[in-house]
Amino acid sequence: MIKYDAVIVGGGVIGSCISYYLTEAGLKVALVEKGDIASGTTSSCDGNILISDKKPGFDTDLAAVSQNLFEELDQKLDYEYDYTKKGSLYLIESQEEWSVAEQFVKEQTANGYAMRMLDYDQVHRDEPLLADDIIGGIEIETDAAVYPMAFTYSLIDKACKNGLKLYNYNSVEDIILDTKGQIESVLLSGGEKIRTTNVINAAGVWAPEIGQMVDLDIPIQPRQGQILVAERTRQVGKRKIVEFGYMMAKFGSKNYKRDIHPILEKYGIAFVFEPTAADNFLIGSSRQFVNFDNRISIEVMKGLAARAIRFFPSMKDINVIRAYAGLRPYVNDHFPIVSAVENVPGFYIAAGHEGDGIGLAPITGKLVEHLIIGNDINIPLDLDFAVQKLSFNRFF
Amino acid sequence: MKDDVIVCRCEEVTLGEIKEAIEAGARTVTDVKRRTRAGMGLCQGKSCEIIVQRQLCKQLNLSSEEAHPARDRAPVRPISFGVLGDEYND
């Protein structure tokens, strides 16, 4: 019977990226996915690789390291995934937002990140279809995007060339420990048993279910989001465009209130515009805790459309052709869990990336490589600090 | 039908590309859609879905229900941002 160095549970972007880095490092790896590759949260996101929506400090540093890893991956992967680096623009609606934004940019530029304030004339020259009353913006140079599913297939494609054994349309029935409490094997629903000493739980919103198999309570909850897909059309905006209030919605800042319809507040709606390589665009975003319900709702769709028109009035005449919903793996401190588990030697968690799964996938893969192999992964981050910050221990 | 026949006209996806996606692991119409973009365009699969489904059944020996489980899908027809957003646009 073949014995694997590691078995990854979950074939979303996180599990796939881990499979890429571990097989590149020479490990013998299997990946188990209950459906097709990239069929869960990865298939219902917008493919962002951002530093702009992160808090100054470690949050930004981690995202920036990951953003740089995309450059390297772009040289190494074979299957095309529409990697674009157009930067992003945050829109400022009020003087109050302007002051917060200015402070934010000051702090980020002092830390070496490429951002700048755009005044009224600059922002309207850059994006001529913007609503007249937008007072300014923040431009972030390094933000990028990929077509998320193709990126994930690309990682799997390369990992398979490196020898990855893929078990898609297979689910994990149980994780079996030996008498010393160490990982011994993974039992699949079809009855097959895979021998291994390491299991990596990269099951995203479903990670708690996998954690239960080794008696762990993993604090990840699904936070639903919905997206509208526009028809292929003339250019509306040049790059990713977000309302500055998005960050407030994301972090739930208490001392800040947008002047919006209560319905938009209720569904956590904030304007996000994402032009795609297919010449159409996506409109987000919403945030709701509704358990595992990933159906779209007409009320949220209406709210998303209303908020889009507020920033780009000329979108009125463009058609929405589709809406979809997905479940973000939410952790209450907004950091993913990328960690070994003390009580279960050989069990690792790499989940809980909320809306940052695509962007943080490379650094997550690298960190898991470091945790399992113990090698120096050669990244400009204080590794011990990062490991502590993302540890499963932090909840206890 | 030849492999270079365009099955999804909106996204210009050929039968050959659909066959490749199925070989790579796709088992449902939605799997094929994610891998090839077939069905992601303006008509949202109204033309190509049935051909993709037929190909899945043929290649993987599936029933039509297995190849195409029902999914929620809105809007049924394209609707403008203006009409959709009217109620909460203040």
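Computed from a predicted model, the values in this text were never measured in an experiment.

Rules and cut-offs
Residues numbered from 1 in each chain as written. Chains lettered and ligands numbered in written order. Predicted model: local features only at pLDDT ≥ 70, side-chain atom pairs only at ≥ 80, totals over all residues. Helix = DSSP H or I, 4+ residues; strand = E, 2+ residues; numbered from the N terminus. Rg over C-alpha atoms; globule rule 2.2 N^0.38 Å. Buried ≥ 20, exposed ≤ 12 C-beta atoms within 10 Å, placed from the backbone. Contact = placed C-beta atoms within 7 Å. Nonpolar A, V, L, I, M, F, W, Y, C, P; charged D, E, K, R; others polar. Pairing = 2+ DSSP bridges. pLDDT = per-residue confidence, 0-100. Axes fitted to C-alpha atoms, helices over the stretch in contact; angles between N-to-C directions. Arc of directions from axis to C-beta. Parallel < 35°, antiparallel > 145°, perpendicular 65-115°, else oblique. Left-handed = near helix turned anticlockwise from the far one by under 90°. Domains from an automatic or database assignment.

*Asks:* Give a detailed account of the overall build of chain B, specifying residues and quantitative values.
*Replies:* Scanning chain B from terminus to terminus reveals five helices and three strands. Sequence-ordered secondary structure for chain B, helices as α and strands as β, is β-β-α-α-α-α-β-α. Taking 12 Å as the expected radius of gyration for a compact globule of 90 residues, we find that chain B reaches 15 Å, considerably beyond that expectation. On the principal axes, the C-alpha backbone points of chain B span a range of 50 × 25 × 20 Å. For chain B, buried positions account for 42% of its 90 residues. Within chain B, residue pairs in contact and separated by at least 24 positions form 43% of the contacts whose partners lie at least 6 positions apart.

*Asks:* Any chance you could break down the overall build of chain A for me, citing the residues and the numbers?
*Replies:* When you go through chain A residue by residue, the secondary structure sums to eleven helices and 20 strands. Against the compact-globule benchmark of 21 Å for 396 residues, chain A has a radius of gyration of 21 Å, which places it among compact chains. A fraction of 74% describes how many contacts in chain A between residues 6 or more apart in sequence connect residues 24 or more apart.

*Asks:* Report on the interface of chain B and chain A, specifying residues and quantitative values.
*Replies:* Buried accessible area, meaning the area lost when the parts come together, often serves as the stated size of an interface. With 22 residues of chain B at the interface, the matching set in chain A holds 33 residues. Taken together, the elements giving at least two residues each to the side of chain B that touches chain A come down to α2 (29-36), β3 (79-80) and α5 (81-85) of chain B. Per-element accounting of the side of chain B that touches chain A gives the leading share, four residues, to α5(B). Considered class by class, the residues forming the side of chain B that touches chain A number nine nonpolar, six polar and seven charged. Pairing of strand β18 (residues 319-330) of chain A with β3(B), which is carried by two bridges, proceeds in the antiparallel orientation. Note on β3(B): the bridge partner recorded for Val320(A) is Ile79(B).

*Asks:* Can you tell me about the confidence of the model for chain B, naming the residues and giving the values?
*Replies:* Mean pLDDT over chain B works out to 93, with 98% of the residues at or above the 70 mark. Across the interface, the model reports ipTM at 0.92; the global pTM reads 0.96.

*Asks:* Kindly report on the sheet that holds strand β17 (residues 281-284) of chain A, identifying the contributing residues and their values.
*Replies:* The nine strands lie next to each other as β6(A)-β7(A)-β5(A)-β15(A)-β16(A)-β17(A)-β14(A)-β18(A)-β3(B), forming an open sheet whose pairing is mixed. With partners counted over all chains shown, the strands left at the sheet margins are β6 (115-118) of chain A together with β3 of chain B, one partner each. Two elements, strand β5 (residues 88-92) of chain A and strand β7 (residues 136-140) of chain A, share five bridges in a ladder whose sense is antiparallel. For Tyr90(A), the partnering residue across the bridge sits in β7(A) and is Ile138(A). Helix α3 (residues 95-110) of chain A contacts β5, β6 and β7 of chain A of the sheet and is inclined by roughly 155° relative to β6(A). Each of β5, β14 (221-230), β15 (240-243), β17 and β18 of chain A is contacted by helix α9 (residues 298-311) of chain A, which is oriented at about 60° to β14(A), the strand it contacts most.

*Asks:* Describe the sheet that holds strand β10 (residues 172-177) of chain A, naming the residues involved and giving the relevant values.
*Replies:* All names here are of chain A. Pairing is mixed across the open sheet formed by four strands, whose spatial order is β1-β12-β11-β10. Across the chains shown, the open sheet's two edge strands, defined by having one partner strand only, are β1 (3-4) and β10. Here β1 pairs with strand β12 (residues 193-196) via two bridges, running parallel. Looking at the pairing, Tyr 4 lines up with Thr 196 of β12.

*Asks:* Provide a residue-level description of α2(B), including the pertinent values.
*Replies:* An α-helical turn contains 3.6 residues, so a residue and the one three or four places further along point in the same direction. The buried fraction of α2(B) is high, at eight of eight residues. Buried residues of α2(B): Val29(B), Thr30(B), Asp31(B), Val32(B), Lys33(B), Arg34(B), Arg35(B) and Thr36(B), and no others. On its buried side, α2(B) packs onto α5 (148-161) of chain A together with β2 (13-14), α1 (15-23), α3 (49-60) and α4 (64-67) of chain B. One or two steps after α2(B), the chain reaches Arg37(B), where phi turns positive at roughly 80°.

*Asks:* Could you give an account of unusual backbone geometry, with specific residues and numbers?
*Replies:* All names here are of chain A. Omega for the peptide link from Gly 284 to Ser 285 comes to 0°, which places this bond in the cis form. Of note, Ser 285 is situated in the loop between β17 and α9. Phi is positive for Asp 279, close to 65°, though the residue is something other than glycine. By the secondary structure assignment, Asp 279 is in the loop between β16 (272-275) and β17. For Glu 354, which is not glycine, the phi torsion reads 45° and is therefore positive. Relative to the assigned elements, Glu 354 resides in the loop between β20 (347-351) and α10 (357-373).

*Asks:* Mind laying out α1(B), listing which residues take part and the relevant values?
*Replies:* All names here are of chain B. Buried residues of α1: Leu 15, Glu 17, Ile 18, Ala 21 and Ile 22, and no others. Across the axial projection of α1, the buried residues extend over an arc of 160°, all falling on one side. Taken together, the buried residues of α1 touch β1 (6-8), β2, α2 and α3. Just downstream of α1 lies Gly 25, where phi reads positive at about 130°.

*Asks:* For the packing of helix α1 (residues 13-24) of chain A against α5(A), give the residues involved together with the corresponding values.
*Replies:* All names here are of chain A. Viewed as axis vectors pointing N to C, α1 and α5 meet at an angle of 30°, and their least axial separation amounts to 8 Å. Classified by the angle between their axes, α1 and α5 sit roughly parallel to one another. In this structure, the crossing between α1 and α5 has a hand that is left-handed. Here Val 13, Ser 16, Cys 17, Ser 19, Tyr 20 and Thr 23 of α1 come into contact with α5, specifically with Pro 148, Phe 151, Thr 152, Leu 155, Ile 156, Lys 158 and Ala 159. Of the residues in the contact of α1 with α5, the class split is eight nonpolar, four polar and one charged.

*Asks:* So, the domain arrangement of chain A: which residues are in play, and what are the values?
*Replies:* All names here are of chain A. Domain boundaries assigned for chain A yield domain 1 (3-47 + 148-219 + 333-395) and domain 2 (88-141 + 221-330). One C-alpha centre belongs to domain 1, the other to domain 2; they are set 31 Å apart. Facing twelve residues of domain 1, the contacting portion of domain 2 comprises 13 residues. Taken together, the residues of the side of domain 1 that touches domain 2 sort by class into four nonpolar, six polar and two charged.

*Asks:* Which residues make up the environment of Ile51(A), and what values do they have?
*Replies:* Residue and element names in this part refer to chain A. Note on placement: Ile 51 falls in the loop between β4 (48-49) and α2 (58-76). Distance in space between the C-alpha atoms of Ile 51 and Asn 111 is 12 Å, their sequence separation being 60 residues. Contact partners of Ile 51, with chain neighbours within four places excluded, come to Thr 60, Ala 63, Ala 64, Gln 67, Tyr 113, Ile 140, Thr 142 and Asp 143.

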